[in-house]
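Single-letter residue listing:
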Amino acid sequence: MGKSQPVMSIDDRIMWDGIEHGELKLQSCSHCRTLRYPPGPICAECLSMESNWVPVAGTGTILSWVTFHKRYFDDFPPPYNSVAVRLDEGPIIMSNLVGDEPEGSWIGKRVRLEFVDHDGRRQHAVRIDRAG
Ligand SMILES: [Zn+2]
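Residues numbered from 1 in each chain as written. Predicted model: local features only at pLDDT ≥ 70, side-chain atom pairs only at ≥ 80, totals over all residues. Heavy atoms only, no water.

Q: I keep staring at the packing of aromatic side chains and nothing clicks. Help me out?
A: Aromatic ring pairs are defined here through the distance separating the ring centres and the angle between the ring planes. Within this structure, the stated rule accounts for four aromatic pairs. Three or more aromatic residues link up through ring pairs in this structure, and these residues are Phe68, Tyr72, Phe76 and Tyr80. (Phe/Tyr/Trp six-rings, centres within 6.5 Å; stacked < 30°, edge-to-face > 60°.)

Q: Can you walk me through the coordination of the zinc ion in this structure?
A: Within the first shell, the zinc ion binds the protein through Cys29 (SG), Cys32 (SG), Cys43 (SG) and Cys46 (SG), at distances of 2.3 to 2.4 Å. The coordination sphere of the zinc ion comprises four donor atoms, whose angles at the metal cover 102 to 116 degrees; the geometry is tetrahedral. Along the chain, the residues donating to the zinc ion are arranged with the sequence spacing C-x2-C-x10-C-x2-C. Note that Cys29 is positioned in strand β1 (residues 25–29) and Cys46 in the loop between β2 (35–36) and β3 (51–55), a separation of 17 residues in sequence. Given a relative accessible area of 0%, Cys29 falls into the buried group. Among the residues examined, Cys46 registers a relative accessible area of 29% and is labelled partly exposed. (Donors = N, O, S within 2.8 Å, 3.2 Å for Na, K, Ca; no water. Tetrahedral: all angles 85-135°; square planar, octahedral: opposite > 155°, others 65-115°. Helix = DSSP H or I, 4+ residues; strand = E, 2+ residues; numbered from the N terminus. Buried < 20%, exposed > 50% of the residue type's maximum accessible area, 1.4 Å probe, protein only.)

Have a look at this one:
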């Protein structure tokens, strides 16, 4: 069993650099403005290879979730919650739900992105937005 490590490629290094500085940026097609996630070399909508990076608001809605009760990584002791979140800008990201939430029906809950230190590296997580 090892530690979890992000896979960094030439296409997503800018995203990881943003996360390190507490900002989630997504790749945006320079031609049609479609947001690409995960980042990649070509726009799936218009096939343009041109892109830039834009920050997202960091708010979204939980689409699905799973609570892991088995240990898969040394640095992720169970239980922990992984969620699929549709960002308000459209793309779906996977993140970890933080906060002392009772396991249950989180689908449809509004969340807000935050950044947490994890084993010497910064990563994003989401917290249920009580105001939203
Ligand atoms: Zn495009």
